[in-house]
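Letter by letter, the chains look like this.
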Amino acid sequence: EYWERGGLPQFANDFIASHIRIARLLECQQRAGAIAEACEHLSTAEARLLSHVEVDKVENPDLYIIEGQTLKGVAAFRREMSRACQSGLRQGEDVERLKA
């Protein structure tokens with residue numbers, strides 16, 4: 001909410017970093033489904049950020065995955081989700097659950 005009031009696109013780096021930290025904390029919980037919850041949090045944060053950014057007004061294109069004139073994702077969130085999923089697979093988490 002803080003960044004949405006202050007102009008989310010201008011503070012995208014801070015928004016991304018804080019949500020990655022939150023996801024890592026969620027992932028550290030000692031219960032089943034913690035990694036899936038962390039991935040879900042990142043997915044939700046990514047959707048919120050992309051809903052506030054216009055492709056022609058992107059200040060730092062390296063932050064985003066852009067195809068043509070469409071924003072497809074946030075590179076840092078996708079990297080973190082990939083890392084978390086790989087960690088979950090090593091721990092024996094259900095593959096289908098992590099994909100969702």
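## Focus: the nonpolar core
At step 1: One finds Ile16, Leu49, Tyr64, Val74 and Phe77 to be the most contacted residues of the largest nonpolar core, which totals 24 residues.
At step 2: Ranked by residues supplied to this core, first place goes to helix H3 (residues 34-52) with seven residues.
At step 3: Residue contacts for Val74: discarding those within four places in its chain leaves Ile16, Glu46, Leu49, Leu50, Leu63, Tyr64 and Ile65.

## Here's the deal with H3
At step 1: Under the 1.5 Å per step criterion, the end-to-end length of H3 is 28 Å for 19 residues, consistent within 8% with the ideal 27 Å.
At step 2: Among the residues making up H3, those that are buried are Ala34, Ile35, Ala36, Ala38, Cys39, His41, Leu42, Ala45, Glu46, Leu49 and Leu50.

## Quick word on helix H4 (residues 75-90)
At step 1: The terminal C-alpha atoms of H4, which comprises 16 residues, lie 23 Å apart, in line with the 22 Å expected from a rise of 1.5 Å per residue.
At step 2: Ala75, Ala76, Phe77, Glu80, Met81, Ala84, Cys85, Ser87 and Gly88 are the residues of H4 that are buried.
At step 3: In the stretch just after H4, Gly92 is the one whose phi turns positive, near 90°.

About the criteria used
Residues numbered from 1 in each chain as written. Predicted model: local features only at pLDDT ≥ 70, side-chain atom pairs only at ≥ 80, totals over all residues. Heavy atoms only, no water. Core = buried A, V, L, I, M, F, W, Y, C linked by side-chain atoms within 4.5 Å. Buried < 20%, exposed > 50% of the residue type's maximum accessible area, 1.4 Å probe, protein only. Helix = DSSP H or I, 4+ residues; strand = E, 2+ residues; numbered from the N terminus. Contact = heavy atoms within 4.5 Å. Expected span 1.5 Å × (residues − 1).

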